[in-house]
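Each chain, written out:
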Amino acid sequence: MTQSHEQVLIVDFGSQVTQLIARRLREMGVYCEVHPYNKVDAKFAARFAPKAIVLSGGPNSVHWADSPRADDSLFDLGVPVLGICYGQQTMCAQLGGAVSASTTREFGRAEIEIIGNSRLFAGLQPTEIVWMSHGDKVDAIPDGFTVIARSKHAPFAAIAHEAKQFYAVQFHPEVVHTPCGTKILSNFIRGIAGLSGDWTMAAFRDETIAKIRAQVGTGRVICGLSGGVDSSVVAVLLHEAIGAQLTCVYVDTGLMRAGETKQVVDLFRDHYNIPLIAVDAGDLFLGKLAGVDDPEKKRKIIGGLFIDVFEAEAGKLGGADFLAQGTLYPDVIESVSFDGGPSVTIKSHHNVGGLPARMKLRLVEPLRELFKDEVRALGRELGLPESFVGRHPFPGPGLAIRIPGEITAPAVAILQKADAIYLDEIQKAGLYDDIWQAFAVLLPVRTVGVMGDERTYEQVLALRAVTSTDGMTADYFPFAHDFLGRTATRIINEVRGINRVVYDITSKPPGTIEWE
């Protein structure tokens, strides 16, 4: 947490879209942090000194025994509080209202009717479309509250205690399915809480450089450079902060995209003049992954091997004290289930859940509080070329998590060729910058095909492309059928081992962007 900016505290009750609240506030230039409800008490709040508080949604029911509650002290801080969905329900229950299970659940689009003249809804229309997701309902509101919006199935769709600046909504203003949601959050943050929005990427850059210098001192840092946007931004930021104390290590795991190694090495050695060691460890990684098909085991093996290589290179350099990584906020949230808290682990990330306990190097993770598009903004602030800043995300485990099942060298070679063709066709169509992430997945499925006069029995390739703003939610990209047909034909004709191509149209949620 930082005391140099106005801060908003987001209390997490386990909603899978809690991070979207943070994302929306960051877009307003407001610094905020997400913390689980059971870690936020009076002492924590006193240290954090929030200018406003948001209570998130969550999967629990307020009327269940031992259901999550906000610490009562949060309502005595004298700062504005906004409760969202479960946040509304626990606010009502804790302040003297009543909540019960509803006989009519409300999921999806709903129309609310705005009542009265609350500052929370300033500038909105008399009726608005919002996104509901709840099975419980508020039966009675606490003393001093008034109803400021209602829907067909939620008579208390929004309530307010204007004098105390307590507000609560049953719907989710943080999701894009609530078109007026950004306006509502802005009314709360700017109009009611009075925050000016003093958090900028330029300020983050300066403050983070100062933090890196304070943390590292005179120590030596090894930066794990994958060639992706995240680790590249970390490398340039660290070089600006500590100069010659930094050495970048690029590990060719044998699981990189076609041509990746040469591109990364040329960029950092020639363009940035940053000390770079390139390690060819393909045989090591593929050897350790042989026979492993569980995705979590793959990630942990890769995470452990990364550290082994980094420690070995540190020894060759005469020792290093720190390992720098491009860990992002969504990596942390998706990887860590708070002890006793509400969050569910979706998957471990190789640079979060996969780190071995015996690791000797201390971590430097300057991007740990940023979302992907904020990292891109920081890259531009640091002067990285747009062609590089705008690259699609590439996972640390590389192609290992795009080959479900066992990893073999022939499978990697097939996927590299197919993926390169897919991205080439996207570039030629002028669609690359419209897509958040695009990649191919080599499935452990064989199908019968006919090529010429011969029967084939080869593998299936899945194509994936999504649009997103932060990686927390995503929709599939609506390619034209002629594009998909042209790309599939080229892949089948040019890549031996594939005789069928399919396109993944799953959104996130319910799926994840990557397949593993």
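Structure: see above.
The structure presented is a predicted model; accordingly, all values stated were derived computationally and were not measured.

Caption draft 1: Seen up close, the pattern of salt bridges. For the coordinates displayed, the defined rule picks out 23 salt bridges. The salt bridge involving R23 is made with E374; its shortest N-O contact spans 3.7 Å. Of the two residues, R23 is situated in helix α1 (residues 18-27) and E374 in helix α11 (residues 372-381); the sequence distance between them amounts to 351 residues. Of the two residues, R23 and E374, both sit in the buried class. Of the charged contacts in the structure, one is a salt bridge between E260 and R257, with a shortest N-O distance of 3.0 Å. The class for E260 is buried, based on a relative accessible area of 2%. Linked by salt bridges that have partners in common, D424, E425, K428, R486, R490 and E494 make up one network.

Caption draft 2: Expanded view of the sheet that holds strand β13 (residues 322-324). Overall, parallel pairing links the 5 strands, which are arranged β12-β11-β10-β13-β14 in an open sheet. Lying at the two open borders of the sheet, with one neighbouring strand each, are β12 (276-280) and β14 (362-364). Taking the axes of each pair of neighbouring strands and ignoring which way they run, one obtains an average angle of 30° across the sheet. Across the sheet, helix α5 (residues 201-216) touches β10 (221-225), β13 and β14, and the angle it forms with β14 is around 170°. Against the sheet, helix α6 (residues 229-242) contacts β10, β11 (246-252), β13 and β14, and its axis sits at roughly 155° relative to β10.

Caption draft 3: Highlighting the pairing of strand β7 (residues 146-151). Taken together, the 3 bridges between β7 and strand β8 (residues 158-161) define a ladder with antiparallel strand orientation. Residue T146 lies in a different strand from β8, and its bridge partner there is A160. Here β7 folds back onto β8 in antiparallel fashion, the turn holding 6 residues.

Caption draft 4: Structural view of the packing of aromatic side chains. Counted by the stated rule, this structure contains 12 aromatic pairs. Members of the aromatic cluster, joined through ring pairs, are Y422, F477, F479, F483 and Y503.

Caption draft 5: Quick peek at the environment of S226. Here S226 shows up in the loop between β10 and α6. The class for S226 is partly exposed, based on a relative accessible area of 22%. Distance from S226 to D252, taken between C-alpha atoms, is 8.4 Å for residues 26 residues apart in sequence.

Caption draft 6: Region of interest: the packing of α5 against α6. Two elements in contact, α5 and α6, have axes separated by 9 Å at closest approach and are oriented at 65°. When the axis of α5 is compared with that of α6, the two are roughly perpendicular. Classified by chirality, the crossing of α6 by α5 is right-handed. Contacts from R205, T208, I209, I212, R213 and V216 in α5 reach L237, L238, E240, A241 and I242 in α6. A class-by-class count of the residues in the contact of α5 with α6 yields 7 nonpolar, 1 polar and 3 charged.

Reading the values: rules and limits
- Residues numbered from 1 in each chain as written.
- Predicted model: local features only at pLDDT ≥ 70, side-chain atom pairs only at ≥ 80, totals over all residues.
- Heavy atoms only, no water.
- Salt bridge = Lys/Arg side-chain N within 4 Å of Asp/Glu carboxyl O.
- Helix = DSSP H or I, 4+ residues; strand = E, 2+ residues; numbered from the N terminus.
- Buried < 20%, exposed > 50% of the residue type's maximum accessible area, 1.4 Å probe, protein only.
- Pairing = 2+ DSSP bridges.
- Axes fitted to C-alpha atoms, helices over the stretch in contact; angles between N-to-C directions.
- Contact = heavy atoms within 4.5 Å.
- Phe/Tyr/Trp six-rings, centres within 6.5 Å; stacked < 30°, edge-to-face > 60°.
- Parallel < 35°, antiparallel > 145°, perpendicular 65-115°, else oblique.
- Left-handed = near helix turned anticlockwise from the far one by under 90°.
- Nonpolar A, V, L, I, M, F, W, Y, C, P; charged D, E, K, R; others polar.

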